[in-house]
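This is what each chain is made of:
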Number of protein chains: 2
Amino acid sequence: MKESSIDSQKITWRKRDGELEYLPDELTIEEPLEIRIGRKTLATTMRTPGHDDELAAGFLVSEAIVRGSREIAGISETRDNVVIVDLAAGVKVKLNSAQRFGTISSSCGLCGKTSIDAIRQNFPAIKSANVRTDIETLLSLPEKLRQAQSDFARTGGIHAAGIFDLNGAPKIVREDIGRHNAVDKAIGRAFLDDQLPLDRHVLLVSGRASFEIVQKALAAGIPIVVAVSAPSTLAVDFARENNQTLIAFLRPPCFNIYSRIERVILA
Amino acid sequence: MKESSIDSQKITWRKRDGELEYLPDELTIEEPLEIRIGRKTLATTMRTPGHDDELAAGFLVSEAIVRGSREIAGISETRDNVVIVDLAAGVKVKLNSAQRFGTISSSCGLCGKTSIDAIRQNFPAIKSANVRTDIETLLSLPEKLRQAQSDFARTGGIHAAGIFDLNGAPKIVREDIGRHNAVDKAIGRAFLDDQLPLDRHVLLVSGRASFEIVQKALAAGIPIVVAVSAPSTLAVDFARENNQTLIAFLRPPCFNIYSRIERVILA
């Protein structure tokens, strides 16, 4: 994690004994990032600087705007928080996606009234029935995620997303003040490395599992989604409809399985 | 809090002893809400159903689209997650806001490259210098917020935002799966009741303080913003520039003051 994810500010701290102390505090950097395709602004998101090319790529994958890394000719970053994606010659932004430009939300990933239906059309359900992981592997993931994070992140001030193989080996770990951005960065890295679909991988997020997190995993073909905190109703519904295994409240030795339990080796 | 904020699903729970149990789990409901002005879609947000009129009103206040409740002729809700705001005769959506329609983000509240500048123009900095609260009042707020929440919310599966007076009396408490929505609902309620500006009030949020939270507070004229968790760099910068008092990590008996400490009576 780059140093630029942290900034220090002088604050007044009230201590347990009621005394006040004036000292520096480390804060997670939050800045806007404008994502453009050529000259067209696609979305603006509040993010922690770093890995902006991955964030843009992952966002385009999640929004079903690109499917393969060859569709992107290049990604450039300006100094004033703009990342510009140039599509390869001949690649057109699909009409369905273009229609959704009007209200694309960086954090929610949802765009207009018909977007849930649109996502169902865009991303096929998970097919692989024989992808499995075991309980010991699952229980090992939170500690592995923490170890892969920066010292600062371990204090809990920033979200993390990790992509692991079925044996629990970490492949990509990314951090961001927004959990959706952390997932976009991780998926974007895999996309830029031509690793999609991640159909033999597990996604772990440090926070809650919303609809958007599960949707982004589906965009990357990830069959098993794991969250440290609570899932929403829509996350569970979406996972069930798309044959994704959804596990949440992963707090070793406990966890909850919400869908497709057959991918967890219980014996 | 309405019953409709919760749904129950059967899940498999791995217990501490490794045994598995099949039982119901309570989940926070997450559904999209499309916010329209007349026939024009403004934004779609993922939210917990309930108080949708307040959410729409608070969103319009935060986006500087309306300033007074008389500018809204009516708010109607459809059964399919659409809320329609009808502006009063003669009220035009300001050009600045209209330009930002293209990329309004429900969660981030940020819209286009120049949005931070635009917000500075839209909302005046806090002027009141003699608005103050004391330490005992501050320390009492988290417990008061919890008491005002639903049983379910107290388990931590949902965010809360509370507006308190300077003596710590709770005025409005709202809950939502999205913390920005909880703030929009609380501010929206105050707006619809003609209570803005809330220039003698405190906003407490159950989670982190991002730029957007502090910005929404400024839109409502709130001078003191308090968060249970961490602030971001931009939240601190924004609060300092706009003369807002920002307090975070409020975990009695401790807290951090990031700006405008003179509004806290320290003696």
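Preceding this section is the structure that the text describes.
Before going into details, it helps to say that this report is about the structure given with it. (Residues numbered from 1 in each chain as written. Chains lettered and ligands numbered in written order. Predicted model: local features only at pLDDT ≥ 70, side-chain atom pairs only at ≥ 80, totals over all residues. Heavy atoms only, no water.)

A word on the overall build of chain A. For chain A, the count of helices and strands is seven helices and 14 strands. Here chain A holds 267 residues, and the buried ones make up 62% of them. A separation threshold of at least 6 residues defines the contact pool for chain A, and within that pool the share at least 24 residues apart is 50%. Split by element, the accessible area of chain A, about 10,400 Å² in all, is 47% carbon and sulfur. (Helix = DSSP H or I, 4+ residues; strand = E, 2+ residues; numbered from the N terminus. Buried < 20%, exposed > 50% of the residue type's maximum accessible area, 1.4 Å probe, protein only. Contact = heavy atoms within 4.5 Å. Areas by Shrake-Rupley, 256 points an atom, 1.4 Å probe, with all protein chains shown as cover.)

So, on to the interface of chain A and chain B. Facing the 63 residues of chain A at the interface are 63 residues of chain B. In total, about 4,900 Å² of surface goes out of reach between chain A and chain B, with carbon and sulfur atoms giving 55% of it. If you sort the residues of chain A by the area they bury against chain B, Arg 14, Glu 30 and Thr 233 of chain A come out on top, with a joint share of 14%. Scanning the region where chain A abuts chain B turns up zero salt bridges. Secondary-structure elements contributing two or more residues to the side of chain A that touches chain B are β1 (6-14), β2 (20-28), β3 (31-37), β4 (40-47), α4 (135-148), α6 (211-219), α7 (233-241) and β13 (254-259) of chain A. The element contributing the most residues to the side of chain A that touches chain B is β1 of chain A, with seven residues. A breakdown of the residues in the side of chain A that touches chain B according to their chemical character gives 30 nonpolar, 17 polar and 16 charged. Inspection of the sheet shows β13 of chain A paired to strand β1 (residues 6-14) of chain B by three bridges, in the antiparallel sense. Looking at β1 of chain B, one finds that Ile 257 of chain A is bridged to Thr 12 of chain B. (Buried area = accessible area lost by both parts, 1.4 Å probe. Salt bridge = Lys/Arg side-chain N within 4 Å of Asp/Glu carboxyl O. Nonpolar A, V, L, I, M, F, W, Y, C, P; charged D, E, K, R; others polar. Pairing = 2+ DSSP bridges.)

All names here are of chain B. Strand order in the open sheet made by the four strands is β4-β3-β6-β5, with mixed pairing throughout. Of all the strands in the sheet, just β4 (40-47) and β5 (72-77) have a single pairing partner and so form its edges. Across the sheet, the axes of successive neighbouring strands diverge by a mean angle of 20 degrees, strand direction being ignored. As defined by bridge partners, β5 adjoins strand β6 (residues 82-87) across five bridges and the pair is classed as antiparallel. Paired with Ile 75 across the bridge in β6 is Val 85. (Axes fitted to C-alpha atoms, helices over the stretch in contact; angles between N-to-C directions.)

Our focus in this paragraph is the relation of the copies chain A and chain B. Turning chain A through 180 degrees and shifting it by 0.0 Å along the axis lays it on chain B, with an RMSD of 0.0 Å. Such a combination of turn and shift is consistent with a two-fold rotation axis. Of the interface residues in chain A, 100% have counterparts in chain B that sit at the interface too, so the contact is made through matching surfaces. (Least-squares fit on C-alpha atoms with pLDDT ≥ 70 in both.)

Let us now look at the sheet that holds strand β11 (residues 224-227) of chain B. Pairing is mixed in the open sheet, where eight strands are placed in the order β2(A)-β1(A)-β13(B)-β12(B)-β11(B)-β10(B)-β8(B)-β9(B). On the outer flanks of this sheet lie β2 of chain A together with β9 (170-176) of chain B, each paired with one strand and no other. Along the sheet, successive strands turn relative to each other by an average axial angle of 25 degrees, direction set aside. Seen against the sheet, helix α8 (residues 233-241) of chain B touches β1 and β2 of chain A together with β12 (245-251) and β13 (254-259) of chain B and runs at an angle of roughly 60 degrees to β1 of chain A.

Spatial relationships are all this shows, so hold off on functional conclusions.
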